[in-house]
Amino acid sequence: MFARLQQKWKVGPVQIVLIIFCFALGGSLTGYSAKKIMDVLSVEKDWLWTVIYILLVTMIWPLAVLTVSLFFGQFKFFKGYVKRLGQRIGIIRDLRFEVSNPGLAPNSGSEGSLTTHHSPLTTNIAIFASGAGSNAQRIIDHFRNSSSVRIALIVCNKKKAGVLQIAEKENIPSLVIEKEKFFSGKSYLDELASGKIGFIVLAGFLWKVPEALIRVFPKRIINIHPALLPGYGGQGMYGSRVHEAVISAQEKESGITIHYVDEHYDNGDIILQVKCPVLENDTPESLAHRVHELEYANYPVVIEDLVKRLQATRYKP
Ligand code: GRF
C-alpha cells in the first residue's frame, strides 16, 4: 500500500512516513479541537450535535494538517493535497487545465481565436524522446517546482531507452508507442487527451510527427536540433551524424536550433538559434558535448517562455 501511495503522490520513502504521521497527528488534533468547541457550545447530544460536529471537523481538518505539516517540512505537499481535495468537492475552482489542452477541445483542428487572459494556469507537457534523455532530465529539473508547468508524460518509441528510466525515477507516467498506431491517424490522441497534455516537447525523438498530431497541437509542438538549421537537418540527421557532417564540412560554427514542428523533418519555423564555435581539433564527441551544454541552457527556458505566452491567452473554440 505504501508503495502505491508513494507512486501516486510522487514522494520518497521517508516523505511517505512523514506524510502519514501528519495525517494521523492532524486527524487527532482535529478531533480534539472539535470536541473542545462542542463542549463550549454545550449542544445536546442529538442529531444537531452530530451535524455541527461534522461541520467543525470539515473546517478544522485542513487547518490542522497544514499546521502540523509545517513542523514536519510537509507543508507544500499538504497545501497541494488540500487544494486538490477542495477542487474535487467543488469548494475551490479548478483552473489547472483550462488552457492546458486547447488543441483537444471540441473543434480541434482549428486554432480558434486567442484572447488575453492572465489566470495562473497549469500546462501539462509531454516530452517525446527516443534516447538517453539528458535534455528531458534538464527539462524535468527546470520545472520541478513550477506551479504553472507540469511534466506529465514521457512518450518513447524504444522500450530500452534511457529516458524511460528517467521517467521511472522521476515518477512521471510514460507511454511506449508503436509505429503502426502512431501513424494510423489516431496517433495516441486519446492517451494525450486523458493526460490533458497541452504542449509537446521533442527531445531526441527520431520519428516524424504525424499530421494528425500537428493539427491538434498547432504551434504547440517544438523540437531541438543539434545544429544550425536549415543546414545539417532532415531525415537521418541525428546524433553524432550531425556533428560528423559539420566537422567534415569544416564549418567554423555550429549550435542549436529550437523550432516548431511541422510535417517534415527539422523544418518548422525557427524559434531560437544559438551558436558555438567548431574548434580545429574537435571530434564529433567534443562538439556534441559543447552543443549539449547549449541545449541544456536554452531549451527549458524557451519552453517556459512559450508556455507562459500560451497561458496568457485563452482559447475560444
Ligand atoms: C539532442 O542532441 C537533441 O538536439 C537531438 O537529440 C539529442 C537528444 O539527446 N534532437 P538526449 O537524449 O537528450 O541526451
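Conventions adopted
Residues numbered from 1 in each chain as written. Predicted model: local features only at pLDDT ≥ 70, side-chain atom pairs only at ≥ 80, totals over all residues. Heavy atoms only, no water. Helix = DSSP H or I, 4+ residues; strand = E, 2+ residues; numbered from the N terminus. Buried < 20%, exposed > 50% of the residue type's maximum accessible area, 1.4 Å probe, protein only. Contact = heavy atoms within 4.5 Å. Areas by Shrake-Rupley, 256 points an atom, 1.4 Å probe, with all protein chains shown as cover. Axes fitted to C-alpha atoms, helices over the stretch in contact; angles between N-to-C directions. Parallel < 35°, antiparallel > 145°, perpendicular 65-115°, else oblique. Left-handed = near helix turned anticlockwise from the far one by under 90°. Pairing = 2+ DSSP bridges. Polar contact = N/O pair within 3.5 Å; in protein donor to acceptor, adjacent residues only side chain to side chain. Core = buried A, V, L, I, M, F, W, Y, C linked by side-chain atoms within 4.5 Å.

Enquirer: Tell me about the overall build of the protein, and please be specific about residues and values.
Expert: If you tally the helices and strands in the protein, you get 11 helices and nine strands. The proportion of buried residues among the 317 residues of the protein is 43%. In the protein, of all internal contacts separated by at least 6 residues, the share reaching a separation of at least 24 is 67%. Per element, the accessible surface of the protein, about 17400 Å² overall, is 57% carbon and sulfur.

Enquirer: Residue-level account of the packing of helix H5 (residues 134-143) against helix H11 (residues 284-311), with values.
Expert: Across the interface, H5 lies against H11 with an axial gap of 9 Å and an inter-helix angle of 45°. In terms of orientation, H5 and H11 fall into the oblique class. Viewed along their axes, H5 and H11 form a crossing whose handedness is right-handed. Note on element contacts: H11 touches H5 through His292, Glu295, Tyr296, Tyr299, Pro300, Val301, Ile303 and Glu304, opposite Ser134, Asn135, Arg138, Ile139, His142 and Phe143.

Enquirer: Explain the sheet that holds strand S5 (residues 197-202) to me, and be specific about the residues and the numbers.
Expert: The strand order across the open sheet built from seven strands is S4-S3-S2-S5-S6-S7-S8, with neighbouring strands paired in mixed fashion. Two strands lie at the open edges of the sheet, namely strand S4 (174-176) and strand S8 (270-277), each paired on one side alone. Across the sheet, the axes of successive neighbouring strands diverge by a mean angle of 20°, strand direction being ignored. Relative to S8, strand S7 (residues 253-260) runs antiparallel, the two sharing seven bridges. Looking at the pairing, glutamate 253 lines up with proline 277 of S8.

Enquirer: Tell me about the side chain of asparagine 223, and name the residues and values.
Expert: One can find asparagine 223 in strand S6 (residues 221-225). Within the structure, the side chain of asparagine 223 is placed 3.5 Å from the side chain of aspartate 266, a separation counted as a polar contact.

Enquirer: An account of the nonpolar core is requested, with residue identities and associated values reported.
Expert: Nonpolar side chains in soluble globular proteins generally cluster together in the buried interior. Core analysis: the largest hydrophobic core is formed by 37 residues, its most contacted members being Ile125, Ile127, Ile151, Ile222, Tyr299 and Ile303. With eight residues, the top contributor of residues to this core is H11. Once you skip the residues sitting within four places of it in the chain, isoleucine 151 turns out to touch Ile125, Ile127, Ile139, Ile140, Phe143 and Ile172. Leu175, Phe205, Val209 and Ile214 belong to the second-largest nonpolar core, a separate cluster that totals 23 residues.

Just geometry here; none of it tells us what the structure is for.
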